[in-house]
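Here is what each chain is made of, one letter per residue.
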Amino acid sequence: VMGSICDSLSNDIPLVDAESKTIQIYPNPFSNNISVRSLYALYGELKVIDNLGKVVYSCKVSENSTFDLSFLADGNYFIEIITKDWVARRRLTKI
């Protein structure tokens, strides 16, 4: 969604699709954990953003990471991976 708070967080860094950077974020939907895998070196920050644009979780991410998100309420979230060169965003559903 253009013009959302998510877009304003990183105006100088291009928004890309996670697949274009060969990043896998799975499973989707998820119930407890998500995994982030990349074929290439990945160093950045992972943010979980709720439907209101509030960051509900943030941490460092690398090419092979797993995150416990069992504390989140069921619903839809955006997962952003932010590096110095790009931002990848994916919508995930917690069940």
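Just above sits the structure.
Residues numbered from 1 in each chain as written. Predicted model: local features only at pLDDT ≥ 70, side-chain atom pairs only at ≥ 80, totals over all residues. Heavy atoms only, no water.

Caption draft 1: Inspection of the pairing of strand S8 (residues 87-94) at higher detail. Of all 8 residues that make up S8, 6 are buried, and the element is covered over most of its length. Bridging between strand S7 (residues 75-82) and S8 involves 8 bridges; their strand directions are antiparallel. Within S8, the residue paired with Tyr77 across the bridge is Leu92. From the end of S7 to the start of S8, which pair antiparallel, there are 4 residues. (Buried < 20%, exposed > 50% of the residue type's maximum accessible area, 1.4 Å probe, protein only. Helix = DSSP H or I, 4+ residues; strand = E, 2+ residues; numbered from the N terminus. Pairing = 2+ DSSP bridges.)

Caption draft 2: How the structure looks around the pattern of salt bridges. A complete count under the given rule lists 3 salt bridges for this structure. With a shortest N-O distance of 2.7 Å, Arg89 and Glu80 are connected by a salt bridge. The buried category is assigned to Arg89, whose relative accessible area is 14%. The buried category is assigned to Glu80, whose relative accessible area is 0%. (Salt bridge = Lys/Arg side-chain N within 4 Å of Asp/Glu carboxyl O.)

Caption draft 3: Representation of the nonpolar core. Core analysis: the biggest nonpolar cluster contains 19 residues, and Ile25, Ile34, Val36, Leu46, Phe67 and Ile81 have the highest contact counts within it. Broken down by secondary-structure element, the contributors of at least two residues to this core are strand S2 (23-26), strand S3 (33-38), strand S4 (43-49), strand S5 (55-62), S7 and S8. Sort the elements by how many residues they give to this core and S7 lands first, with 3 residues. Not counting the four nearest positions on each side in its chain, Val36 is found in contact with Ile23, Gln24, Ile25, Leu42, Leu46, Val61, Ser62, Glu63, Asn64, Ser65, Phe67 and Ile81. (Core = buried A, V, L, I, M, F, W, Y, C linked by side-chain atoms within 4.5 Å. Contact = heavy atoms within 4.5 Å.)

Caption draft 4: Geometry of the side chain of Glu80. Checked against the element boundaries, Glu80 lands in strand S7. Side-chain polar atoms of Glu80 contact the side chain of Arg89, separated by 2.7 Å. (Polar contact = N/O pair within 3.5 Å; in protein donor to acceptor, adjacent residues only side chain to side chain.)

Caption draft 5: Representation of the packing of aromatic side chains within the structure. Across all of its chains, the model carries 2 aromatic pairs by this definition. With centroids separated by 6.3 Å and ring planes inclined at 70°, the aromatic side chains of Tyr57 and Phe67 adopt a geometry described as edge-to-face. With Tyr57 in strand S5 and Phe67 in strand S6 (residues 64-68), the pair connects residues that are 10 residues apart, well separated along the chain. Its relative accessible area of 22% is what places Tyr57 among the partly exposed residues. Its relative accessible area of 6% is what places Phe67 among the buried residues. Judged by centre distance (5.8 Å) and plane angle (45°), the rings of Tyr57 and Phe71 are tilted. One end of the pair, Tyr57, is in strand S5; the other, Phe71, is in the loop between S6 and S7, and 14 residues separate them in sequence. The ring of Phe78 is capped by Arg89, whose NZ or CZ atom sits 5.9 Å from the centre of that ring. (Phe/Tyr/Trp six-rings, centres within 6.5 Å; stacked < 30°, edge-to-face > 60°. Lys NZ or Arg CZ within 6 Å of the ring centre and 35° of its normal.)

This is a description of form; function is not addressed.
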